[in-house]
Amino acid sequence: MKRLLWLVTCAAIAAAAPRWGGELRLAISGDPKTFNPLMVTEQSAGLVRYLTGGTLIRWNHATQTTDPELARTWRVAANGREIRFELREDARFSDGSRVTAADVVFTFRKLLDPKTNSPDAEAFLMGGRQVTVEAAGERTVILKLPQPIAGVERLIGVIAIVNAKALAQAGDPARMPAAGPFHVTAYTPGATLTLGRNPYYWKMAEGRRLPYLDAIRLEIRQDRSLEVNSLLSGDLDLVSAVDPKAFSRLSKAPGVASVDAGPALDTEQLWFNQNPAAPLPEYKKAWFRSREFRQAISSAIHREDLARLVYESHAQPGAGIMPVSNRFWANTAVHAPPFDPAAAQKLLAAAGFYLDKGVLQDRGHHPVEFSVITNAGSNSRGRMAALIQQDLLRVGIRLRLITLDFPSLIERITRGFDYESCLLGMVNDDLDPNAQINVWLSSGPNHPWYPEQKSPATEWEAEIDRLMLHQSHEPRAAVRKKDFDRVQQIVAEQAPVIFLVVKNTLSAYGSRVANVVPSPFFPYLLWNADQIWLRSERK
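What comes next concerns the included structure. (Residues numbered from 1 in each chain as written. Predicted model: local features only at pLDDT ≥ 70, side-chain atom pairs only at ≥ 80, totals over all residues. Heavy atoms only, no water.)

Details of the overall build of the chain
Quick note on the threshold: Where helices and strands are cited, they refer to DSSP runs of H or I of at least four residues and of E of at least two residues respectively, numbered from the N terminus. In this setup the radius of gyration rests on C-alpha atoms only. A globule is expected at 2.2 Å times the number of residues raised to 0.38. Relative accessible area decides the class of each residue, using a 1.4 Å probe on protein chains only: under 20% of the type maximum gives buried, over 50% gives exposed, and in between gives partly exposed. Throughout, a residue-residue contact means that at least one pair of heavy atoms, one from each residue, lies within 4.5 Å. The accessible surface values rely on the Shrake-Rupley method and a 1.4 Å probe; as for residues, cover is taken only from the protein chains in view.
If you tally the helices and strands in the chain, you get 16 helices and 25 strands. Since a compact globule built from 539 residues should have a radius of gyration of about 24 Å, the 25 Å found for the chain is in line with a globular shape. Viewed in the frame of its principal axes, the chain has a C-alpha envelope of about 80 × 55 × 40 Å. The buried share of the chain, reckoned over its 539 residues, is 55%. Intrachain contacts of the chain at a sequence separation of at least 6 include 67% that bridge at least 24 residues. When the accessible surface of the chain is totalled, it reaches about 23,400 Å², and 51% of it is carbon and sulfur.

This is the structure we're talking about:
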């Protein structure tokens, strides 16, 4: 009923005439590490880049398609090796200077210059050869690719166009011109960062230049636990990505719209160590290499209980690599395995396991027990592990929980390989499969169960390698989709990773904030910040 009322309220707000002006307030967890949009590696800097950076094209969270931005049109050549952009005549930086083809060329050349060492440059390198960019007049830009790059639009869509003046002022962000809806107007390290409206922004509404807001004030707060109180008191206008406990409190508060935007892309997962060099007994290695054993563990886990008890039903049972919120790339034929202890016991029996006085044993009469490592300090993972312990006891398996500090955990799963199974999350903020290529390639450094294989250990891993590499250079989306659907199917069948839950994105905002279109993906409530408006001044 509350959700229905929230939808009706949102519809009424949307129908009201937008109000111009005002300051939106929210918190970020730390100072941006950089104001150079070509050097972003963390979320605070990423949010500033998103709100201030003008991009050629940008991903639309509502439609999950790409929209024109500084480029009014773009065209990809049939062979996928050339992209031609036509810039808007009215695109300007916040100091009033025009955005020209020369600025785009400058941006990409700086991005690709090895001296810059941009974290975004690697995506534009193919076999040691770089993308080249050239201007054809003041408004036309041509990108030439050594070979097709699958999903190249998503890569271009995060590159904020800058000019030489902007980069020269990166150490003094309040003097940096920006081509997005906002630009930095004031910064006090450790305290506040204020973004003012770009008076020359190209988007229009009601005959005026957007954004509606005069400013966005970012409060720099390392302690996120205080954000909820600040929203309730009116000191902040919105909070994003809160935990279920805080969300439950916000959902009962008057004057606050609490929003469960549905599953994000982050998954909580369990996997077994399949590295042949791992310092484990051979019989345990045999268990972990057994597809039937892995499938049985998956069937024995009650995912609905994990979502309900750990995340207060603000999570979905994990089905596979891509959650259904990723509308194009998710394989909708892959479903979360149902909780079925009887099916688990049949799979175990087929693999040679048997019950003896309630204890599962293998062919060599070894009782089946193993440990799971996870990071200390994560209440949710500790609670999931406790529930999984109970589930596995139903089929005669004893699970032991080991918590480690994060550096020690990473050491074990990436270098020492002294572990049996691991419960951890995979953070992902990119819908394109190429963002996960180092996870699913057998040679990848992040291949969870057996990283950096010199050659694929199994035939099914070899098939995944072939499919992932093929789609990574295929310009046709339909062909890529077919390849990646098959990858998702293989992973579901082989269960090298047992997907537990996909957490929902939980956010909230005050009643004076209007025209919010919630998204489960970063930056959540702010992806359409240029069109958000305030119904009243702060009291």
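The discussion continues.
As for the sheet that holds strand S4 (residues 71–76)
Basically, it comes down to this: We treat two strands as partners when DSSP finds at least two bridges between them. Here the axes come from fitting lines to C-alpha atoms, over the contacting stretch only for helices, and the angles between their N-to-C directions go from 0 to 180 degrees.
Read from one edge to the other, the open sheet built from 4 strands follows the order S4-S5-S9-S8, with strand pairing classed as antiparallel. One side of each edge strand has no neighbouring strand; the edge strands of this open sheet are S4 and strand S8 (132–135). The average undirected angle you get between the axes of adjacent strands in this sheet is 15°. Bridging between S8 and strand S9 (residues 140–144) involves 4 bridges; their strand directions are antiparallel. Residue pairing across strands places Thr-132 opposite Lys-144, the latter belonging to S9.

What about the pattern of salt bridges?
The following threshold applies: By convention in these notes, a salt bridge is any Lys or Arg side-chain nitrogen within 4 Å of a carboxyl oxygen on Asp or Glu.
Taken as a whole and assessed by the stated rule, the structure comprises 25 salt bridges. Residues Glu-134 and Lys-144 are paired through a salt bridge, measuring 3.9 Å at the closest nitrogen-oxygen approach. Of this pair, Glu-134 sits in strand S8 while Lys-144 sits in strand S9, and the two are 10 residues apart along the sequence. Salt bridges sharing common partners tie together Arg-154, Asp-430, Asp-432 and Arg-480.

So, the sheet that holds strand S11 (residues 192–197)
Sheet strands pair via backbone hydrogen bonds, and the direction of the pair is either parallel or antiparallel. Read from one edge of the open sheet, 4 strands run S1-S14-S11-S10, paired in mixed fashion. Looking at strand neighbours, the two that pair on one side only are strand S1 (23–28) and strand S10 (182–188), the edges of this open sheet. Here the strands of the sheet are splayed against their neighbours by 20° on average, with no regard to which way each runs. Bridging between S10 and S11 involves 6 bridges; their strand directions are antiparallel. Across the sheet, Tyr-187 pairs through a bridge with Leu-193, a residue of S11. Against the sheet, helix H2 (residues 43–52) makes contact with S1, S10, S11 and strand S14 (215–220), and its axis sits at roughly 140° relative to S10, the strand it touches most.

Some thoughts on the packing of helix H10 (residues 303–310) against helix H12 (residues 379–393)
Applicable threshold: In these notes the angle categories are as follows: under 35 degrees is roughly parallel, over 145 is roughly antiparallel, 65 to 115 is roughly perpendicular, and the rest is oblique. Left-handed is the label given to a crossing in which the near helix is rotated counterclockwise from the far helix by less than a right angle, and right-handed is the label when the rotation is clockwise. By the convention adopted, Pro, Cys, Tyr, Trp, Phe, Met, Ile, Leu, Val and Ala count as nonpolar, Lys, Arg, Asp and Glu as charged, and the other residues, Gly among them, as polar.
At a minimum axis distance of 10 Å, the contact between H10 and H12 shows a crossing angle of 140°. What the angle tells us is that H10 and H12 run oblique. In terms of crossing hand, the pair formed by H10 and H12 is right-handed. Residues Asp-305, Leu-306, Leu-309 and Val-310 of H10 lie in contact with H12, whose contacting residues are Ser-380, Arg-383, Met-384, Leu-387 and Ile-388. Partitioning the contact of H10 with H12 into residue classes produces 6 nonpolar, 1 polar and 2 charged.

A few points about the nonpolar core
Basically, it comes down to this: The definition of a nonpolar core used throughout is a set of buried Ala, Val, Leu, Ile, Met, Phe, Trp, Tyr and Cys residues joined through side-chain atoms within 4.5 Å.
Residues Leu-56, Phe-108, Ile-156 and Ile-216 are the most contacted members of the largest nonpolar core, which totals 72 residues. A per-element tally of this core places helix H3 (residues 101–112) first, with 6 residues. Non-local contacts of Ile-156, meaning those with residues more than four positions away in its chain, are made with Leu-56, Ile-57, Ile-83, Phe-85, Phe-108, Phe-124 and Leu-143. The next biggest cluster of nonpolar side chains, apart from the first, holds 37 residues, and it includes Leu-280, Phe-293, Leu-348 and Leu-387.

Points about helix H16 (residues 477–494)
Condition: For a helix, the expected span equals 1.5 Å multiplied by the residue count minus one.
Between its first and last C-alpha atoms H16 spans 26 Å; for 18 residues at 1.5 Å apiece the expected length is 26 Å, and the two agree. Of all the positions in H16, only Arg-480, Lys-481, Asp-483, Phe-484, Val-487, Gln-488, Ile-490, Val-491 and Gln-494 are classed as buried. Buried-residue contacts for H16 involve helix H9 (291–300), helix H14 (437–440), helix H15 (459–472) and strand S23 (497–510). With its phi angle positive at about 50°, Ala-495 sits one or two positions after the end of H16.

Remarks on the environment of Gln-269
Put simply, the rule is: Distance and chemistry together define a polar contact, namely a pair of N or O atoms within 3.5 Å, with one atom able to donate a hydrogen and the other to accept it when in protein, and with adjacent residues in sequence counting only for side-chain atoms on both sides.
Within the element layout of this structure, Gln-269 appears in strand S16 (residues 256–272). Overall, the relative accessible area of 4% leaves Gln-269 in the buried class. As for Gln-269 and Leu-500, which are separated by 231 residues in sequence, their C-alpha atoms are 5.2 Å apart. Each residue touching Gln-269, except ones within four places of it in the same chain, is listed here: Cys-422, Leu-423, Leu-424, Met-426, Val-497, Ile-498, Phe-499 and Leu-500. Only 2.9 Å separates the side chain of Gln-269 from the side chain of Thr-267, close enough to count as a polar contact.

Some remarks on the environment of Gln-169
Residue position: Gln-169 is located in the loop between helix H5 (164–168) and S10. A residue is classified by how much of its surface remains accessible, and Gln-169, at 18% relative accessible area, is buried. Separated by 346 residues in sequence, Gln-169 and Asn-515 have C-alpha atoms that sit 33 Å apart. The contact partners of Gln-169, leaving out residues within four places of it in the chain, are Arg-175 and Met-176.

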